[in-house]
Amino acid sequence: MLSVIGVVIAMQVQLPPGDQSRQAGDESSILQLMLIISTPVFIGVCLFVVYSALVFRQGRTGLVDGPPSYGNFRLQVAWIAITAVIVLFLAAIGITQLGSSAQATNFTAAQLATAGSTPVGTSAGHELQVQVIAQQWYFTYRYADYGGAESLHLVLPVDSNIEIHVTSTDVLHSFWAYQLGVKADANPGVDNVFYVTTMHTGSFTVRCAELCGIWHGNMFDTSGKVVSQDDFATWIAQLQTDEADVTLPPYAPAYFPSPRVKGS
Amino acid sequence: MEGNRAPRVGARLLVVLGATLGLAALVAGFVLGFALQFPPTLTATAAQTGPGVTIHLETVAAVSEAIAFPRPDDPHPDWVSYLPTTMLKVPANSTVTIVIDQEDGASGLRNPFWSKARGIVGGTFHMSYFDDNGDPQEGDFSALDDASTLGHSFAIPDLGVFVPLLGISDAAPAGSKNVITFSFQTGKPGIYRWQCFVPCGAGSIYGNGNAMQTLGYMGGYLIVQ
């Protein structure tokens, strides 16, 4: 009875990170599923603790050994089987979800040197490529499909498949767009690819999730936006005009800093 | 055992207490020493011409080479630095004009994106500088053409302010400086970090160490109140 009430309550709870993207929605539903499955287990354990405390408490009589206990084969099989099914089931859906939204490519310095202006991968036609460049201490964003224009803030069109390429120009950072359900390592020389399918317009927060130096704590931006397709077209056209006077390097999967000690 | 002595609990307790207090004092001293090593605050003065306030800064290749703002007792005389300090106090909702004597050579940017000025009044900064032949020049700019010519940059990311600072030309006479002047608008009160985007920490890997990671050298706070 308590378990049923618990499960009903668990089904009503709104869990983070919400549903701004399909991936974020998937994460929320997995968390909810885990909450629903674990609620009866949690309530069962609590009830057993209370039951034991009441029934098996030491009475007025002296301390006596209880009757010897032996293995119960059916009980043992049952608890191992039920636990195994729950754990394996949760592991399977977790891994499936993780695998569907992430893939990483490592580049050697030689490959990067010859990469030149060749865009990453082949154009799938329906995916918007956005590169996240982490540096001490700011994230900038390049739009490969729009002449490699670079922006201070991440703006994405709604109802789109976004292919996010995360890299770093210096140390290890981590790109964490909380409401989009993306947290991806930003490592120098690595092109870390993630997919986001935007579902709703609204703003999101970008943070660095890897201790990266003195201003790590300030490396966040609350003005990330998912906007309508029309607004995105207007915004990207304006960006290309505004940034016309900056000479950027050709778009590349990563900007590998030759490791060096400055001033030596 | 003959003459079984009572354990000297009092004496042992005294030793343990003493050691604990000593350790606590050491830790407190370290933390306080670290916290009190905060750079001094510079308050902006009323602008001589035009509205708002002004702040005069100097950037040097090494603290010991300062011209306008020497810092003789600095623990790191060979580090690059903004001088005299990096704690800047300015009024809210006003125009702040920054004048920088840029005396350091070029280090170059890793991301050329930062070679453009952003978030400043009029979109341009005024600069008197020395060209490749060492001749003095002057003009208004919205960006530097070559990202490898930057000595430093002045950036307050949360206010959207980013300004590239041209490194002093190798051909310029010794002891000369580029003077960069720009203005930006402050909004509501708050404390904003500012930093340099040129990896200029000489002697550290990628140039992102020492001065880049220490308050009072290549980063600090803009206190808007």
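Residues numbered from 1 in each chain as written. Chains lettered and ligands numbered in written order. Predicted model: local features only at pLDDT ≥ 70, side-chain atom pairs only at ≥ 80, totals over all residues. Heavy atoms only, no water.

1. Topic: the overall build of chain A
Phase 1: The number of helices and strands found in chain A is five helices and eleven strands.
Phase 2: The 264 residues of chain A split such that 38% are buried.
Phase 3: Pairs at least 24 residues apart make up 70% of the contacts formed inside chain A by residues separated by at least 6 positions.
Phase 4: Entry remark: accessible area of chain A is about 14,800 Å², with carbon and sulfur atoms responsible for 64%. (Helix = DSSP H or I, 4+ residues; strand = E, 2+ residues; numbered from the N terminus. Buried < 20%, exposed > 50% of the residue type's maximum accessible area, 1.4 Å probe, protein only. Contact = heavy atoms within 4.5 Å. Areas by Shrake-Rupley, 256 points an atom, 1.4 Å probe, with all protein chains shown as cover.)

2. Quick notes on the overall build of chain B
Phase 1: Along chain B, the regular secondary structure elements total one helix and 13 strands.
Phase 2: Helices and strands in chain B line up, N terminus first, as α-β-β-β-β-β-β-β-β-β-β-β-β-β.
Phase 3: Against the globule reference of 17 Å for 225 residues, chain B gives a C-alpha radius of gyration of 24 Å, more extended than a compact globule.
Phase 4: Expressed along its principal axes, the backbone C-alpha trace of chain B runs to roughly 95 × 40 × 30 Å.
Phase 5: Evaluated residue by residue, chain B yields a buried proportion of 47% over its 225 residues.
Phase 6: Sequence-distant contacts in chain B: of pairs separated by 6 or more residues, those separated by 24 or more amount to 70%.
Phase 7: Only carbon and sulfur atoms are counted for the fraction: they give 60% of the accessible area of chain B, which is about 11,000 Å².
Phase 8: Computed over 11 positive and 18 negative side-chain charges, the inter-centroid distance for chain B is 21 Å. (Rg over C-alpha atoms; globule rule 2.2 N^0.38 Å. Lys, Arg positive; Asp, Glu negative; His and termini not counted. Charge placed at Lys NZ, Arg CZ, Asp CG, Glu CD.)

3. A word on the interface of chain B and chain A
Phase 1: In this assembly, 36 residues from chain B lie in contact with 29 residues from chain A.
Phase 2: Carbon and sulfur atoms make up 57% of the area that chain B and chain A hide from each other, which totals about 2,700 Å².
Phase 3: Together, Phe113(B), Arg193(B) and Tyr206(B) form the three largest contributors to the area buried by chain B at its contact with chain A, with a combined 25%.
Phase 4: There are two salt bridges connecting chain B and chain A.
Phase 5: A salt bridge links Glu243(A) to Arg118(B); the nearest nitrogen and oxygen atoms lie 2.6 Å apart.
Phase 6: Between the two partners, chain B and chain A, sit 13 residue pairs in polar contact (both at pLDDT 80 or more).
Phase 7: Of all the secondary structure elements, the ones that give two or more residues to the side of chain B that touches chain A are β12 (190-195) and β13 (219-224) of chain B.
Phase 8: Along the lines of polarity and charge, the residues of the side of chain B that touches chain A split into 16 nonpolar, 14 polar and six charged. (Buried area = accessible area lost by both parts, 1.4 Å probe. Salt bridge = Lys/Arg side-chain N within 4 Å of Asp/Glu carboxyl O. Polar contact = N/O pair within 3.5 Å; in protein donor to acceptor, adjacent residues only side chain to side chain. Nonpolar A, V, L, I, M, F, W, Y, C, P; charged D, E, K, R; others polar.)

4. Section: the packing of helix α1 (residues 2-12) of chain A against helix α2 (residues 22-55) of chain A
All names here are of chain A.
Phase 1: At a minimum axis separation of 9 Å, α1 and α2 run at an interaxial angle of 150 degrees. When the axes of α1 and α2 are compared, the pair comes out roughly antiparallel. The two elements α1 and α2 cross, and the hand of that crossing is right-handed. Across the interface between the two elements, Leu2, Ser3, Gly6, Val7, Ala10, Met11 and Gln12 of α1 pack against Gln32, Leu35, Ile36, Thr39, Pro40, Ile43 and Leu47 of α2.
Phase 2: Residue classes in the contact of α1 with α2 are distributed as nine nonpolar, five polar and no charged. (Axes fitted to C-alpha atoms, helices over the stretch in contact; angles between N-to-C directions. Parallel < 35°, antiparallel > 145°, perpendicular 65-115°, else oblique. Left-handed = near helix turned anticlockwise from the far one by under 90°.)

5. Considerations on the nonpolar core
Phase 1: Core analysis: the biggest nonpolar cluster contains 88 residues, and Phe175(A), Phe154(B) and Phe182(B) have the highest contact counts within it.
Phase 2: The element contributing the most residues to this core is strand β10 (residues 161-166) of chain B, with five residues.
Phase 3: Residues in contact with Phe175(A), not counting those within four places in the same chain, are Val132(A), Phe139(A), Tyr141(A), Leu154(A), Ile164(A), Val166(A), Val182(A), Lys183(A), Ala184(A), Val206(A) and Arg207(A). (Core = buried A, V, L, I, M, F, W, Y, C linked by side-chain atoms within 4.5 Å.)

6. Focus on the packing of aromatic side chains
Phase 1: Per the stated rule, a full pass over the model turns up 23 aromatic pairs over all chains.
Phase 2: With centroids separated by 4.9 Å and ring planes inclined at 70 degrees, the aromatic side chains of Trp79(B) and Tyr217(B) adopt a geometry described as edge-to-face. Taken together, the residues span a long stretch of sequence, with Trp79(B) in the loop between β3 (53-60) and β4 (81-83) and Tyr217(B) in the loop between β12 and β13 at a distance of 138 residues.
Phase 3: The buried category is assigned to Trp79(B), whose relative accessible area is 15%.
Phase 4: Residue Tyr217(B) is classed as buried on the basis of its relative accessible area, which comes to 6%.
Phase 5: Among the aromatic residues, those joined into a ring-pair cluster are Tyr138(A), Phe113(B), Trp114(B), Phe162(B) and Phe197(B).
Phase 6: Above the ring of Trp176(A), the side-chain terminus of Lys183(A) is found at 4.3 Å from the ring centroid.
Phase 7: The residue whose ring lies beneath Arg207(A) is Phe220(A), and the NZ or CZ to ring-centre distance is 4.9 Å. (Phe/Tyr/Trp six-rings, centres within 6.5 Å; stacked < 30°, edge-to-face > 60°. Lys NZ or Arg CZ within 6 Å of the ring centre and 35° of its normal.)

7. Here's the deal with helix α5 (residues 229-242) of chain A
Residues and elements named next belong to chain A.
Phase 1: With 14 residues, α5 extends 20 Å between its outermost C-alpha atoms, agreeing within 8% with the 20 Å of an ideal straight helix rising 1.5 Å per residue.
Phase 2: Inspection of α5 places Phe232, Ile236 and Leu239 among the buried residues, and these make up the whole buried set. In an axial view of α5, the angular spread of the buried residues amounts to 55 degrees, which keeps them on one side of the axis. Away from its buried face by more than 90 degrees, α5 exposes Asp230, Thr234 and Thr241.
Phase 3: Residues of α5 that are buried sit in contact with β2 (127-135), β3 (138-143), β4 (149-151), β5 (155-157) and β11 (220-227). (Expected span 1.5 Å × (residues − 1). Arc of directions from axis to C-beta.)

8. A few points about the environment of Pro164(B)
All names here are of chain B.
Phase 1: Relative to the helices and strands, Pro164 resides in strand β10.
Phase 2: Of the residues examined, Pro164 reaches a relative accessible area of 0% and is grouped as buried.
Phase 3: Not counting residues within four places of it along the chain, the set of residues in contact with Pro164 comprises Trp114, Ser115, Lys116, Ala117, Phe125, Leu144, Leu150, His152 and Ser153.

9. Things to note about the pattern of salt bridges
All names here are of chain B.
Phase 1: Here the structure, examined in full by the defined rule, presents six salt bridges over all chains.
Phase 2: The partner of Arg71 in a salt bridge is Asp74, with the nearest N and O atoms 2.9 Å apart.
Phase 3: Take Arg71: its relative accessible area is 23%, and that puts it in the partly exposed class.

10. Thoughts on the confidence of the model for chain A
Phase 1: Of the residues in chain A, 87% reach a pLDDT of 70 or more, and the chain-wide mean stands at 83.
Phase 2: Low pLDDT (under 50) marks residues 115-125 of chain A, which in the prediction has 13 contacts with non-local residues, meaning those over four places away or in another chain. (pLDDT = per-residue confidence, 0-100.)

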